[in-house]
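# Structural features, examined
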Amino acid sequence: MENYTLSINGKKQEVTAPEDMPLLWVIRDLLDMKGTKFGCGQALCGACTVHLDGEAVRSCSLPISQVGEGKITTIEGLSEAGDHPLQTAWVEHVVPQCGYCQSGQIMNAAALLTKNPSPSESDIEEAMQGNLCRCGTYNRIKDAILTASKSL
Amino acid sequence: MMPKLPFLKKQKTDTSTSLGTADRSEIFMPSRRDFLKIGSLAAGGFVLGVNFQCSGPKGEVITFAPNVFVTIGSDNIVTIVAHRSEMGTGIRTSLPMIVADELGADWSLVKIVQAEGDEEKYGNQNTDGSFSVRMFYEPMKKAGATARHMLVEAAAKEWGVTPAECDTEASHVILKESGKKIPFGDLVEKIKTMELPKPEALTMKEFSSYKLVGKDVPIYDAKTIATGQAVFGADVNLPNMLIAVVRRSPVVGAKVVSFNDAKALAIPGVKKVVKIDGPGLPAGLDKPLEGIAVLAENTWAAIKGREALEIEWDLGPNQTYNSAAQLQEMLKSTAGKGTVKRARGNFNQAKSASGKVLERTYLAPFYAHSTIEPPAAIADAKADGSVEVWAPTQHPQWARGAVAGALGIDVAKVKMNVTLLGGGFGRKSKPDFVAEAAVLSKAAGVPVRVQWTREDDLHHDFFHSHSAQRIVATLDKTGNLTGWNHHTVFPAIGSSNTPAPPSDGELDLGARDFPYEVPNIQIEAHESSAHTRVGWLRSVSNIHHAFAICTMLDEIAEARGLDPVDQALQLLGEDKNLSFASEMVGDYGNYGEKIEDFPWNTGRMKKVIQTVAEKSNWKQNLAAGKAVGFAAHKSFLTYVACVVLVEKDAAGKITIPEVHYAVDCGIGVNTDRIRSQFEGGAQFATSLATTSAITFENGQVQQNNFDTYQIIRMPQAPKKIEVHIVPSMEKPTGVGEPPVPPFIPALANAVYKLTGKRIYELPFKI
Ligand code: FES
Ligand code: FES
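As annotated in an unreviewed UniProt entry, chain B carries the name Xanthine dehydrogenase family protein molybdopterin-binding subunit and is attributed to Algoriphagus lacus.

The name recorded for chain A in an unreviewed UniProt entry is (2Fe-2S)-binding protein, from Algoriphagus lacus.

And the structure:
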């Protein structure tokens with residue numbers, strides 16, 4: 001067991017965890033923030049996507065010992081009032097079906113837009129292919145990202 | 001306990017909860033008990049991810065509940081109970097919309113709460129079989145109309161006018177002539193002394209006056225989901241709760257001989273190891289599998305603890321099971337004689353008299369549901385013998401019963417809270433994982449959340465069965481289709497190691513209800529046995545039946561020199577209601593509905609076919625490297641036709657640029673959610689058609705995670721999915737499952753046209 005000081009959504013958080021504990025379980029179990037989801041545990045589905053220094057990472061496959069001083073952002077910290085252009089576009093396009101994959105989709109899309117504020121359709125497909133949606137909301141996700149990119 | 005499966009069995013009509021025609025209105029007879037409760041919201045329930053504050057002074061909101069589904073507060077908030085499970089269809093929005101519209105509520109002042117599992121109170125809550133809207137459209141209208149009737153009466157009395165002079169609008173009663181109005185909330189106090197209206201006194205609004213029903217309405221949970229606030233199965237936390245991760249029998253029927261938990265218990269955070277006793281064989285549909293559970297302070301410790309377990313298994317009779325070998329045996333059996341389940345004319349005669357015989361076989365694999373949320377459930381077994389449960393369940397009643405059964409307690413002692421479901425598709429009907437949580441909580445004496453990993457989900461699903469089919473079609477000398485002989489075999493739902501044919505209910509899903517005018521028809525079922533747990537997955541045996549039937553019809557059209565759309569229209573004949581009665585061996589289920597109430601109408605089918613052909617510009621000349629395929633299939637009482645466009649790129653890769661669907665689902669409640677079900681259905685079906693398959697060796701599933709059990713990713717999804725809703729005032733049916741079956745053969749037929757290679761086996765690579 002080690003002590004770690006994490007910076008999550010602009011706040012410092014102290015946790016004690018074994019060094020191999022994936023950031024996902026630190027967030028969900030130790031910090032009780034439930035917006036970040038578990039889908040596969042193997043970096044195959046993207047449900048657990050958070051930002052580490054602005055980059056999209058799969059928190060299920062990132063041991064806490066590798067987080068270091070990095071700034072972590074989760075869906076809860078993406079915007080203060082839940083009005084990030086992507087969140088607004090998600091509601092406008094009524095993207096979610098079951099909704100379970102959507103935190104990860106939005107976090108992944110947010111990292112994409114930071115790097116590439118006006119992505120083409122194929123840029124979006126390329127960047128989003130690590131995020132699975134079993135309900136089949138891919139088309140609306142794409143539309144919502146395009147809408148959000150226009151309002152940036 | 002077997003669940004009520006409306007698509008597999010005729011529904012009982014003798015209890016107040018089965019919702020046969022006679023008792024549909026019964027549950028809406030408001031009881032005095034629910035009539036008026038002051039000081040709290042009468043319709044309780046678990047509020048999902050919503051922080052609701054009453055606008056009135058604290059503790060003084062007066063509420064009025066004319067029935068269990070609707071409550072009106074003096075703060076002018078209308079609370080509507082969603083009693084069906086939300087797994088992505090939007091039902092948590094669609095049914096309350098009907099209540100709100102009939103009531104005349106301002107949708108922005110409506111609060112939705114999720115019902116707990118309580119069949120006595122709410123009626124059927126089994127969210128399955130695409131029947132929520134079909135079953136509850138009328139009852140929801142009545143729930144709203146009852147409240148409206150009383151509010152109008154109260155206001156009319158106050159104003160000294162007749163109720164006929166009043167109406168409701170935007171959560172006010174209005175005096176039509178003057179426009180004078182009073183908020184619902186101000187009338188709550190006055191209704192206290194009023195009598196409930198008799199059902200025959202209720203009037204329903206004209207459809208054309210609806211402001212929500214028949215329109216695009218955003219789902220209630222969109223924002224809570226987009227901000228990460230929505231509460232799914234694993235998101236419920238209780239004080240002192242332990243997390244359980246279970247090593248389950250690797251082969252269905254396997255039993256634990258011995259285990260050593262010393263290494264597991266040595267892992268920091270691991271608190272307890274508990275054995276779960278499984279039923280062995282048959283495994284059943286609602287029992288936990290045998291296993292060893294590691295209970296820990298957090299999920300990671302439980303996962304590590306499970307890795308450290310040492311278990312000796314008696315693998316039992318299924319350890320030699322190999323699915324590929326079984327599939328070949330099943331295929332072989334279809335060449336023999338099966339049990340005839342439907343007969344028209346004399347197929348054998350037609351065959352000997354025919355000019356041409358086409359005989360084709362079709363194979364489809366096992367599929368896993370692979371909801372992105374793996375199963376998870378929370379139970380708090382209390383010292384007094386009661387238990388409170390939170391679960392993403394499609395079937396709260398069955399889950400409640402399974403928990404009661406597993407703990408040996410009365411159902412009344414189980415409080416079943418329903419969270420949002422991170423996908424269901426039939427998997428989360430089965431309460432095995434919910435019962436696990438209850439058993440473990442009781443054993444540990446603390447609340448327990450059982451968390452399945454993706455590997456657990458893929459290894460221990462209730463799979464969609466693999467299947468083999470053979471269709472023999474005969475053409476006479478002039479090219480008329482004279483005979484249709486369909487053989488089908490697959491391990492049946494709930495079956496076990498004893499060989500059995502599929503049930504009539506499963507055969508009614510696409511095979512027996514073959515609607516075309518062919519003079520000689522013979523449908524035969526063959527026996528097989530299940531060596532894993534078999535369940536239902538989005539559209540059930542319609543998946544493989546529609547694949548075989550609609551690709552075969554495409555091939556027949558080609559042999560006859562006909563366009564497949566023209567052939568389908570021709571084979572459906574005159575507009576008429578079909579009755580299969582005299583031809584069926586055993587009853588025809590019609591998805592639990594009487595055929596008089598929901599007839600099989602060829603005119604409606606022709607209309608969706610004509611619509612999809614027109615909207616997709618079916619007969620257009622396509623550039624080289626492009627092709628279209630067509631299929632039409634009715635399932636769950638909903639008529640669907642589909643056209644898929646495929647394209648080959650320079651590198652030889654096939655993509656799906658465009659899909660057209662036409663659907664007649666009767667009255668459409670939330671048109672945006674109808675479209676989203678079809679968009680999602682096309683994507684779900686693309687996975688079934690092109691990427692997914694579960695196989696078994698030595699009784700064990702060979703796929704572990706999304707690397708080996710693949711579902712499509714964004715680049716593989718159809719690019720554009722157009723959904724054409726055929727306007728209809730017929731009784732509403734469902735749309736959760738019907739998009740899946742016709743898509744797969746439409747895609748296969750398109751790929752054939754592009755590549756020249758017919759497709760006889762799923763999945764096929766594109
Ligand atoms: S849970 Fe991390 S990628 Fe699937
Ligand atoms: S919305 Fe259900 S998995 Fe994406």
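Structure shown, so let's carry the discussion forward.
## Digging into the overall build of chain A
Along the backbone of chain A there are five helices and five strands. Listing every helix and strand of chain A by position from the N terminus yields β-β-α-β-β-β-α-α-α-α. For 152 residues, the compact-globule formula gives about 15 Å, and the C-alpha radius of gyration of chain A, at 15 Å, lands near that figure. Seen along its three principal axes, the alpha-carbon backbone of chain A occupies a region of about 45 × 30 × 25 Å. Each of the 152 residues in chain A was classed as buried or not, and the buried ones make up 62%. If you sum the accessible surface of chain A, you get close to 5700 Å²; carbon and sulfur atoms cover 45% of it.

## Some words on the domain arrangement of chain A
Residue and element names in this part refer to chain A. Looking at chain A, the domain boundaries give domain 1 (2–77) and domain 2 (85–151). When each unit is reduced to the centre of its C-alpha atoms, the spacing between domain 1 and domain 2 is 21 Å. Across the boundary between the two partners, domain 1 contributes 16 residues, which contact 13 residues of domain 2. Looking only at domain 1, the three residues that lose the most surface to domain 2 are Cys45, His51 and Ile75, adding up to 36% of its buried area. Counting every contact that joins domain 1 to domain 2 gives one salt bridge. Note that Glu55 is salt-bridged to Lys115, the shortest N-O span being 3.7 Å.

## Comments concerning the packing of helix H11 (residues 396–407) of chain B against helix H12 (residues 432–444) of chain B
All names here are of chain B. Interhelical geometry of H11 versus H12 gives an angle of 35° and a closest axis separation of 8 Å. For the pair H11 and H12, the sense of crossing is right-handed. Contacts between H11 and H12 pair Ala399, Ala402, Val403, Ala406 and Leu407 from the former with Val434, Ala435, Ala438, Val439 and Lys442 from the latter. Of the residues that constitute the contact of H11 with H12, the class distribution is nine nonpolar, no polar and one charged.

## Examining the packing of aromatic side chains
Residues and elements named next belong to chain B. If you walk through the whole model with that rule in mind, you get 19 aromatic pairs over all chains. Feature note: the residues Tyr321, Phe366, Phe463 and Phe696 constitute an aromatic cluster, connected by ring pairs. Positioned above the aromatic ring of Trp536, the side-chain terminus of Lys430 is 3.6 Å from the ring centre. Residue placement shows Arg758 over the ring face of Tyr752; its charged tip is 3.6 Å from the ring centre.

## Let's talk about the pairing of strand S8 (residues 242–248) of chain B
Residues and elements named next belong to chain B. Most of S8 sits inside the fold, with six of its seven residues counted as buried. With six bridges connecting them, S8 and strand S11 (residues 291–296) associate as antiparallel partners. Note on S11: the bridge partner recorded for Arg248 is Gly291.

## Focus: the interface of chain B and chain A
Accessible area lost during the coming together of the parts is what is often quoted as the interface size. On the chain A side, the residues contacting the 63 residues of chain B number 52 residues. Roughly 4600 Å² is buried in total at the junction of chain B and chain A, and carbon and sulfur atoms are behind 59% of that figure. Its largest share of buried area at the contact with chain A, chain B owes to Trp300, Ile372 and Met714 of chain B, together 18% of the area lost on that side. Put simply, chain B and chain A have seven salt bridges between them. Between the two partners, chain B and chain A, sit 30 residue pairs in polar contact (both at pLDDT 80 or more). Among the secondary structure elements, those contributing two or more residues to the side of chain B that touches chain A are helix H6 (222–226), helix H8 (299–307), strand S18 (448–451), helix H13 (454–459), helix H18 (671–690) and strand S29 (720–725) of chain B. Of the residues contributing to the side of chain B that touches chain A, the split by class is 28 nonpolar, 20 polar and 15 charged.

## What to know about the side chain of Asp456 of chain B
Residues and elements named next belong to chain B. With respect to the helices, strands and loops of the structure, Asp456 is situated in helix H13. Here Thr453 takes part through its backbone nitrogen, which lies 2.9 Å from a polar atom of the side chain of Asp456. Among residues more than four places away in sequence, those in contact with Asp456 are Val246, Arg248, Arg306 and Gln451.

## Digging into the UniProt feature "domain: Aldehyde oxidase/xanthine dehydrogenase a/b hammerhead" (unreviewed entry) in chain B
Following the UniProt record, the feature "domain: Aldehyde oxidase/xanthine dehydrogenase a/b hammerhead" (unreviewed entry) maps to residues 227–317 of chain B here. Annotated as 14% helix and 34% strand, the span residues 227–317 of chain B places its first and last C-alpha atoms 49 Å apart.

## Describing the domain arrangement of chain B
Residue and element names in this part refer to chain B. The domain architecture assigned to chain B consists of domain 1 (26–223), domain 2 (233–317 + 375–451) and domain 3 (323–350 + 361–367 + 463–755). Counting residues at the interface gives 21 residues for domain 1, matched by 23 residues for domain 3. The contact between domain 1 and domain 3 buries some 1700 Å² in all, and 54% of this surface belongs to carbon and sulfur atoms. It is Ser130, Arg134 and Asp216 that lose the most area in domain 1 upon contact with domain 3, and together they represent 38% of the buried surface on that side.

## Here's the deal with the confidence of the model for chain B
All names here are of chain B. Model confidence for chain B is summarised by a mean pLDDT of 91, while 92% of its residues fall at 70 or above. Note that residues 9–57 has pLDDT below 50 and, in this model, 112 contacts with residues that lie over four places away or in other chains. Both scores are given for the predicted complex: the pTM is 0.94, the ipTM 0.98.

## Structural notes on unusual backbone geometry
The omega torsion across Leu281 of chain B and Pro282 of chain B is -5°, close enough to zero to call that bond cis. Relative to the helices and strands, Pro282 of chain B is located in the loop between strand S10 (270–276) and S11. Residue Pro763 of chain B is bonded to the preceding Leu762 of chain B through a cis peptide linkage, with omega at -10°. Mapped onto the elements of the fold, Pro763 of chain B is located in the segment after helix H19 (740–755). Phi at Val94 of chain A takes a positive value of approximately 45°, unusual for a residue other than glycine. Summarising the element assignment, Val94 of chain A is placed in the loop between helix H2 (85–92) and helix H3 (102–115). The exposure class assigned to Val94 of chain A is buried, which follows from its relative accessible area of 6%.

## Here's the deal with the sheet that holds strand S20 (residues 481–489) of chain B
In a beta sheet, neighbouring strands are held together by backbone hydrogen bonds and run either parallel or antiparallel to one another. Residues and elements named next belong to chain B. The strand order S13-S21-S20-S19-S14 describes an open sheet built from five strands, whose pairing is mixed. At either end of the open sheet lies a strand with only one pairing partner, and these are strand S13 (339–344) and strand S14 (356–364). The sheet shows a mean angle of 10° between the axes of neighbouring strands, direction not considered. Sheet analysis places S20 next to strand S21 (residues 520–525), joined by six bridges and oriented parallel. Counterpart to Trp484 in the pairing with S21 is Ile521. Here helix H9 (residues 323–333) sits on the sheet and contacts S14, strand S19 (467–475) and S20; the angle it forms with S19, its principal contact strand, is near 25°.

## Re the pairing of strand S4 (residues 55–58) of chain A
Inspection of the sheet shows strand S3 (residues 49–52) of chain A paired to S4 of chain A by four bridges, in the antiparallel sense. Opposite Thr49 of chain A, over in S4 of chain A, you have Arg58 of chain A as the bridge partner.

## Thoughts on H9 of chain B
All names here are of chain B. Within H9 the residues assigned to the buried category are Ser323, Gln326, Leu327, Met330 and Leu331. For H9, the angular spread of the buried residues around the axis is 140°, confining them to a single face. Seen from the buried face of H9, the exposed residues on the opposite side, beyond 90 degrees, are Glu329 and Lys332. Here the buried face of H9 lies against S14, S19, S20 and strand S27 (696–697). The distance from a side-chain oxygen at the start of H9 to the backbone nitrogen of Ala324 is 3.0 Å, and the residue carrying that oxygen is Asn322.

Each value, and the rule that gives it
- Each chain has its residues counted from 1, following the order in which its sequence is written.
- Naming scheme: in the order in which they are written, chains are lettered from A and ligands are numbered from 1.
- Under the rules for a predicted model, residues below a pLDDT of 70 receive no local features and side-chain atom pairs below 80 are neither given nor counted, while totals for whole chains, interfaces and linings still include all residues.
- Side-chain measures here rest on the full set of heavy atoms in the structure, leaving out hydrogens and waters.
- Only DSSP runs of H or I covering at least 4 residues are called helices, and only runs of E covering at least 2 are called strands; the numbering of each starts at the N terminus.
- The atom set for the radius of gyration is the C-alpha atoms, and the globule formula is 2.2 Å times the number of residues raised to the power 0.38.
- Between buried and exposed lies partly exposed: a residue is buried under 20% and exposed over 50% of the maximum accessible area for its type, with that area taken using a 1.4 Å probe on protein chains only.
- Accessible surface area values rest on a Shrake-Rupley calculation with a 1.4 Å probe, where residue burial reflects the displayed protein chains alone.
- In this entry, domain limits derive from an automatic or database-based domain assignment.
- Contacts are assigned to residue pairs with any non-hydrogen atoms lying within 4.5 Å of each other.
- Buried area is a sum: the accessible area each of two parts loses on coming together, probed at 1.4 Å, counted once for each and added.
- Any Lys or Arg side-chain nitrogen located within 4 Å of an Asp or Glu carboxyl oxygen qualifies as a salt bridge.
- Throughout, an axis means a line fitted to C-alpha atoms (over the contacting stretch in the case of helices), and angles, computed between N-to-C directions, take values from 0 to 180 degrees.
- Crossing handedness is read from the near helix: turned anticlockwise from the far helix by less than a right angle, it gives a left-handed crossing, and turned clockwise, a right-handed one.
- When residues are sorted by character, Ala, Val, Leu, Ile, Met, Phe, Trp, Tyr, Cys and Pro go into the nonpolar class, Asp, Glu, Lys and Arg into the charged class, and all the rest, Gly among them, into the polar class.
- In this scheme Phe, Tyr and Trp rings, the latter by its six-membered ring, pair at centre separations within 6.5 Å, and the angle between planes marks the pair as stacked below 30 degrees, edge-to-face above 60, and tilted otherwise.
- In our convention, an over-ring charge means Lys NZ or Arg CZ found within 6 Å of a ring centre and within 35 degrees of that ring's normal.
- In short, DSSP must find at least two bridges between two strands for them to pair.
- In protein, a polar contact requires one atom able to donate a hydrogen and another able to accept it; more generally it is a pair of N or O atoms within 3.5 Å, and residues adjacent in sequence count only if both atoms are side-chain atoms.
- UniProt positions are given in the numbering used here, feature names are shortened, and annotations may be inferred rather than shown by experiment.
- In predicted models, pLDDT denotes the confidence assigned by the predictor to each residue on a 0 to 100 scale.
- Summarising the geometry, the arc corresponds to the directions from the helix axis toward the C-beta atoms.

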